Amino acid sequence: MSVSHAKPDLETPVNMSVLHAKDSGYHFTHHTFSAPAPNITVSGTDNELSAQWQNYAKSRHYQVWLGIPKTQADAHPIKTPKNAGKVIYMLDGNAAIDDLDKDFLRAISHASPQESAPILVFIGYQTPYRFDVDARAYDYTPPLLSATAGKKDLFKEDGRDRLNGGAAQFYDTIEQQVKPWVYEQLGTKPEQEALWGHSYGGLFVLYNLFAHPDAYQHYFSADPSLWWQEGEMIKYWQAYQDLPPSRLAELAKTKQLRLSFSQSPKQTAALSDKRPNLVGAPLSKQAFAEEVCAYFQDNCRYQTFEQSHGEVFKTSLLESLEHF
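Definitions and cut-offs
Residues numbered from 1 in each chain as written. Predicted model: local features only at pLDDT ≥ 70, side-chain atom pairs only at ≥ 80, totals over all residues. Heavy atoms only, no water. Helix = DSSP H or I, 4+ residues; strand = E, 2+ residues; numbered from the N terminus. Buried < 20%, exposed > 50% of the residue type's maximum accessible area, 1.4 Å probe, protein only. Areas by Shrake-Rupley, 256 points an atom, 1.4 Å probe, with all protein chains shown as cover. Salt bridge = Lys/Arg side-chain N within 4 Å of Asp/Glu carboxyl O. Expected span 1.5 Å × (residues − 1). Contact = heavy atoms within 4.5 Å. Phe/Tyr/Trp six-rings, centres within 6.5 Å; stacked < 30°, edge-to-face > 60°. Lys NZ or Arg CZ within 6 Å of the ring centre and 35° of its normal. pLDDT = per-residue confidence, 0-100. Disulfide = S-S within 2.5 Å. Pairing = 2+ DSSP bridges. Axes fitted to C-alpha atoms, helices over the stretch in contact; angles between N-to-C directions. Parallel < 35°, antiparallel > 145°, perpendicular 65-115°, else oblique. Nonpolar A, V, L, I, M, F, W, Y, C, P; charged D, E, K, R; others polar.

### So, the overall build of the chain
Thought 1: Secondary structure summary: the chain contains 10 helices and 12 strands in total.
Thought 2: A total of 324 residues make up the chain; the buried ones form 53% of that total.
Thought 3: Entry remark: accessible area of the chain is about 14,700 Å², with carbon and sulfur atoms responsible for 49%.

### Some thoughts on the pattern of salt bridges
Thought 1: A full pass over the atoms with the stated rule returns 17 salt bridges.
Thought 2: The network of salt bridges with shared partners includes D23, K102, D103 and R106.

### Some words on helix α10 (residues 309-323)
Thought 1: For α10, built from 15 residues, the straight-helix expectation of 21 Å at 1.5 Å per residue is met to within 8% by its first-to-last C-alpha distance of 21 Å.
Thought 2: Those residues of α10 that fall on the buried side of the exposure criterion are G310, V312, F313, K314, S316, L317, L318, E319, S320 and L321.

### Observations concerning the side chain of N94
Thought 1: For N94, the location among the structural elements is in helix α2 (residues 93-98).
Thought 2: For N94, a relative accessible area of 2% puts it in the buried group.
Thought 3: Ignoring any residue separated from it by four or fewer positions in sequence, one finds N94 in contact with V14, M16, W65, G124, Y125, T127, Y129 and R130.

### Topic: the environment of D98
Thought 1: Relative to the helices and strands, D98 is located in helix α2.
Thought 2: In this structure, the C-alpha to C-alpha distance between D98 and K314, residues 216 residues apart in sequence, is 9.6 Å.

### Things to note about the packing of aromatic side chains
Thought 1: This structure, assessed with the given rule, holds 22 aromatic pairs.
Thought 2: With 6.2 Å between their ring centres and 75 degrees between their planes, F33 and W181 make a pair best called edge-to-face. In this pair, F33 sits in strand β1 (residues 26-35) while W181 sits in helix α5 (residues 167-186), placing the two residues 148 residues apart along the sequence.
Thought 3: With a centroid separation of 6.0 Å and an interplanar angle of 90 degrees, the aromatic rings of F131 and F313 are classed as edge-to-face. With F131 in the loop between β4 (119-125) and α4 (133-139) and F313 in helix α10, the pair connects residues that are 182 residues apart, well separated along the chain.
Thought 4: Among the residues examined, F313 registers a relative accessible area of 2% and is labelled buried.
Thought 5: Taken together, the ring pairs connect Y62, Y125, Y140, F170, F204, Y207 and Y236 into an aromatic cluster.
Thought 6: The aromatic ring of F324 is capped on one face by K86, whose charged end is 5.0 Å from the ring centroid.
Thought 7: Cation over ring: K179 sits above Y216, and NZ or CZ is 3.9 Å from the ring centre.

### Things to note about the confidence of the model for the chain
Thought 1: Here the chain shows a mean pLDDT of 85. Residues at 70 or above account for 80%.
Thought 2: Throughout residues 268-282 the model reports pLDDT below 50, and contacts reaching past four residues in sequence, or to other chains, amount to 28 contacts.

### Quick look at the state of the cysteines
Thought 1: Taken as a whole and assessed by the stated rule, the structure comprises 1 disulfide.
Thought 2: Disulfide pairing is shown between C293 and C300; the S-S distance is 2.0 Å. Residues C293 and C300 are joined by a disulfide whose S-S torsion is about -55 degrees; by sign, that bridge is left-handed. Each member of the pair, C293 as well as C300, is classed as buried.

### Digging into the sheet that holds strand β7 (residues 192-198)
Thought 1: Taken together, 8 strands build an open sheet; the order of strands is β1-β2-β4-β3-β7-β8-β9-β12 and the sheet is mixed. What marks the edges here is a single partner per strand, and that holds for β1 and β12 (300-305). If you compare each strand with its neighbour and ignore which way they point, the axes differ by 15 degrees on average.
Thought 2: Where β1 and strand β2 (residues 60-69) come together, 10 bridges link them in antiparallel fashion.

### Section: the packing of α5 against helix α6 (residues 200-211)
Working note: a packed helix pair is described by the angle between its axes plus the distance between those axes.
Thought 1: The contact between α5 and α6 brings their axes to 11 Å, and the two run at 75 degrees. It follows that α5 is roughly perpendicular to α6 by the angle criterion. Touching A167, A168, F170, Y171 and I174 of α5 are F204, Y207 and N208, all from α6.
Thought 2: Of the residues in the contact of α5 with α6, the class split is 7 nonpolar, 1 polar and no charged.

Structural data, given as structure tokens:
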């Protein structure tokens, strides 16, 4: 089990040995998926800019690991479990695996009753490192809400040579490729599905909840980058509130949301993002959490940790796996 630092480690290879440990309590299998490079079209006739942005557009290559508790399976290799009660999908799968050890896995695999042990799906990238920062910056960030009614234009991230805005395509990849493969391995569709993600991954979790609330029953968003694009996710949250009251009431009863936030000495109580409809009014992490939890009531919880942004990755991951 590795140590999660304040800044992502982009140079140390991931330790995948836990996947092969005989006494982890889990059987693991894996599959690869790919998504083509997005086709960049810049509005207007600036072909030179389009060509420049196309250089940032890269294919994404995923490595997905499926872990079934041995108490729910027969013998190696992977067999259909006796039941598939609940599955948790984890973004940044490479780093998530790196932050686990066999003792922790063995403990959650022996949950009581046995069928309550979670089935694990790590959605990572085909890289030896914890993160593919360019791929995740595209996959985990949503299209600007103002563009969703028409063409979902992608855009270059400010100050960095990488693209944002590919969450809709990544959502389709999971729904049309990853989940069907998982269901095939399990022999059935799980009764309960959860999604966990950190930072940009936490944004993707909220994007699913607000734009595709029926995709999962449980949502774990760890220190989501609410500052991104001057609070773009707040606009998604406001659009969600425009759903019919009966639909909101239904979702409040059937969806579970867990929010985790960092609060290091370098951070302030208020984020730099603003409420789109109240220009100049800062929205703190706590204020966002309180607003959201007011809708989901008893099915929403939030907690702030005296940790850095990077440290919350592991803290939230372990807590989510223990309590799912």
